[in-house]
Amino acid sequence: CGLPSLFPSYPSMGLTRVFDEDLSAGFGTRAVHAGQRPEPLAGAIMTPVFLTSTYVQEELGKNKGYEYARGKNPTREALERNVAALEGGRHGFAFSSGMGCVDSLMKLFRAGDHIVCGVNVYGGTFRLFDKILKNFGMTFSFVDTRDPQRVEDAMTPATKAVLVETPSNPLMRVTDIRAVAEIAHRKTALLIVDNTFASPVFQRPFELGADIVYHSTTKYLNGHSDMVGGIALVQDDGIAERLQFILNAAGAVPGPFDAWLALRGTKTLHLRMRQHDANGRGVAQWLAEQLGPEQVMYVGLPSHPQHELARRQMSGFGGMISIELGSRERPAHVLKRARVFSLAESLGGVESLISHPASMTHASVPADQRARLGISDGLVRLSCGVEELDDLLADLEHAFEGIPAAKSADGRRAAVTAG
Ligand SMILES: *Cc1c(COP(=O)(O)O)cnc(C)c1O
């Protein structure tokens, strides 16, 4: 693929590759079936949970392709093939969490390598780079990837990858994946995309030039808030072999039951995303009427400054919305009164959640940087689940009742433009 050799190639572990015949089916059919075949003993239609640490070998040097379960597990492989087929990738690698996935991806690089990263990425991604990987000699530039020129300006001869999250968390900023892929590739760097928010239902980064796509499967892919996991998808066989080696060597692998739960989740991904999207649009519309469109960050609203770009590279907008309420007292009022929207971190599950990024998901980002980013004390993030829209709107109506008056127009405008 024209990329530089990152380091000497590793011995092949026998890669798990997407079943080619799965790729010809439509998305919903892939979601239900890809990567799964009736199990040979009884013909069970559901992939069994292979609860085993090791595999019996027939004789010295002769096995069925499985030796020890850190390296490979059939339940995990079914999930990897399934999500690879959904993203249009060739190989999948499941991890114990989204962060375990990012950490293992960074082991593709070495001391001295430089990564250009979106400034508005998931708080935990920033924390991993800024607090841990920096100590190992890697360097990071955090830039506003809404402007591809800033990505280009941040590239150095040591830059090995560009990492973007779009739409971003929690400010719903959009990065032009195609433009950033061209910049990265001109400088022989990889483009890595966190596709957690959009899911492969609404955004297919490989088709726009990404080299590695990853997810926190904890969110939409699993969709039922009952496990934590991550997954990386790649096209290139060489990168895939390195990742398989890292996965086995570093060992941040998911247990088979968590892999099975994620696999059960992806079967209904296309159905759930439709409802998340319908509810997201309905709730964003209602909020825009209550608060004014400039206080509502939802990529599906025509008032979103990057709505046109979002329409170009996404086929739907999902259920994630952030709102700017101006002062800390106002979120406290709403969060306390909401009932159907539960006050909790995380997102992407069938149940609606509401949270306060400054004190929850982004508490690990220093306060001055939060202020620079626009993650104010008045910011509230909503993850619209798949309940009935009328019930979500009634819940918000109740939650907003009696909310303290907003600060002066000036104060409010200052909060909104802080980013
Ligand atoms: C949650 C999340 C992560 C981290 O995933 P975990 O499964 O919680 O480790 C990374 N990126 C995004 C966009 C997320 O929402």
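Model, not experiment: these values are computed from the prediction.

Asks: Would you explain the packing of helix 10 (residues 269-291) against helix 14 (residues 389-400) in this entry?
Replies: In the contact formed by helix 10 and helix 14, the axes pass within 10 Å of each other and the chain directions differ by 30°. Taken as axis vectors, helix 10 and helix 14 run roughly parallel relative to one another. Every pair of crossing elements has a handedness; the one defined by helix 10 and helix 14 is right-handed. Facing helix 10, whose interface residues are Asn279, Gly282, Val283, Trp286, Leu287 and Leu291, helix 14 presents Leu389, Leu392, Leu393, Leu396, Glu397 and Phe400. For the contact of helix 10 with helix 14, a count of residues per class yields nine nonpolar, two polar and one charged.

Asks: Before we go on, may I ask you to explain the sheet that holds strand 1 (residues 91-95) in this structure?
Replies: Backbone hydrogen bonds are what pair the strands of a sheet, in a parallel or an antiparallel way. Overall, mixed pairing links the seven strands, which are arranged 1-7-6-5-4-2-3 in an open sheet. This sheet does not close on itself; its edge strands, each paired only once, are strand 1 and strand 3 (139-143). Averaged over all neighbouring strand pairs, the angle between strand axes comes to 20°, with direction disregarded. The pairing of strand 6 (residues 212-216) with strand 7 (residues 230-234) spans five bridges and is classified as antiparallel. The partner of His215 across the bridge, within strand 7, is Ile231. Against the sheet, helix 3 (residues 98-106) makes contact with strand 1, strand 2 (114-118), strand 3, strand 4 (159-165), strand 5 (190-194), strand 6 and strand 7, and its axis sits at roughly 155° relative to strand 6, the strand it touches most.

Asks: Quick question: what am I supposed to make of the layout of surface pockets here?
Replies: Empty space among the atoms becomes apparent when a probe as large as a water molecule is rolled across them. Here the largest pocket is characterised by a volume of approximately 490 Å³. Pro40, Phe50, Tyr66, Pro74 and Glu77 are the residues nearest the centre of the largest pocket, which is lined by 18 residues in total. Partitioning the lining of the largest pocket into residue classes produces 10 nonpolar, three polar and five charged.

Asks: Help me understand the pattern of salt bridges, please; the structure alone is not making it clear to me.
Replies: Should the charged atoms of two oppositely charged side chains come close, the side chains can pair. Counted according to the given criterion, the structure contains 20 salt bridges. Lys64 is paired through a salt bridge with Glu58; the nearest N and O atoms lie 3.5 Å apart. Residue Glu58 is classed as partly exposed on the basis of its relative accessible area of 47%. Between Asp113 and Lys160 there is a salt bridge, and its shortest N-O distance comes to 3.1 Å. One end of the pair, Asp113, is in the loop between helix 3 and strand 2; the other, Lys160, is in strand 4, with 47 residues separating them in the sequence. Taking relative accessible area as the criterion, Asp113 reaches 8% and is therefore assigned buried. The class of Lys160 is partly exposed, set by a relative accessible area of 23%. Counted as one network, the salt bridges with shared partners bring together Arg17, Arg90 and Asp237.

Asks: Would you mind showing me how to read the confidence of the model for the protein chain here?
Replies: Do not read the fine detail of predicted coordinates wherever pLDDT is low. Averaged over the protein chain, the pLDDT score is 93; the fraction of residues at 70 or greater is 94%. Considering only residues more than four positions removed or in separate chains, one finds that residues 409-419, a stretch of pLDDT under 50, has 16 contacts.

Asks: I'm lost on the sheet that holds strand 12 (residues 379-383) in this one. Help?
Replies: In spatial order, the strands read 8-9-12-11-10; together these five strands make up an open sheet with mixed pairing. Where the open sheet ends on each side, the last strands, each with one partner, are strand 8 (296-297) and strand 10 (342-343). Examined bridge by bridge, strand 10 and strand 11 (residues 353-355) share two bridges and lie parallel to one another. Within strand 11, the residue paired with Ser342 across the bridge is Leu353. Strands strand 10, strand 11 and strand 12 of the sheet are contacted by helix 12 (residues 329-337), whose axis makes an angle of about 155° with strand 11.

Asks: Whenever I open this one, helix 3 confuses me. Can you help?
Replies: The α-helix winds at 3.6 residues per turn, so residues separated by three or four positions along the chain end up facing the same way. Across the nine residues that make up helix 3, a large majority, seven, are buried. Buried within helix 3 are the following residues: Gly98, Gly100, Cys101, Val102, Ser104, Leu105 and Met106.

Definitions and limits used
Once a new chain begins, its residue numbering starts again from 1 and follows that chain's sequence as written. pLDDT decides what is reported in this predicted model: residues at 70 or higher carry local features, side-chain atom pairs at 80 or more are listed and counted, and totals for whole chains, interfaces and linings draw on all residues regardless. Computation of side-chain values covers all heavy atoms of the structure but excludes hydrogens and water. Note on geometry: axes are C-alpha line fits, over the in-contact stretch for helices, and angles between N-to-C directions span 0 to 180 degrees. Per the convention used, a helix needs a DSSP run of H or I reaching at least four residues, while a strand needs a run of E reaching at least two, with both numbered from the N terminus. Geometric relationships in this document are graded by angle, where less than 35 degrees denotes roughly parallel, more than 145 denotes roughly antiparallel, 65 to 115 denotes roughly perpendicular, and other angles denote oblique. Helix crossings fall into two classes, left-handed where the near helix is turned counterclockwise from the far one by less than a right angle and right-handed where it is turned clockwise. In this description, contact between two residues means that some pair of their heavy atoms is separated by no more than 4.5 Å. Charged means Asp, Glu, Lys or Arg here, nonpolar means Ala, Val, Leu, Ile, Met, Phe, Trp, Tyr, Cys or Pro, and polar covers whatever is left, Gly included. At least two DSSP bridges between two strands are needed for those strands to be called paired. Each cavity reported here is a set of points on a 1 Å grid over the protein atoms alone in which a 1.4 Å probe fits but cannot get out, each pocket an open set with protein on both sides within 12 Å along at least five of seven lines, and each lining residue one with an atom within 4 Å of a point. Grid points are joined across faces, edges and corners, and a volume is the space filled by probe spheres set on the points. Whenever a carboxyl oxygen of Asp or Glu lies within 4 Å of a side-chain nitrogen of Lys or Arg, that contact is scored as a salt bridge. Throughout, exposure labels follow a simple rule: accessible area from a 1.4 Å probe, protein chains only, divided by the maximum for the residue type, with under 20% read as buried, over 50% as exposed, and the rest as partly exposed. Confidence per residue, as judged by the predictor, is encoded in pLDDT with a range of 0 to 100.

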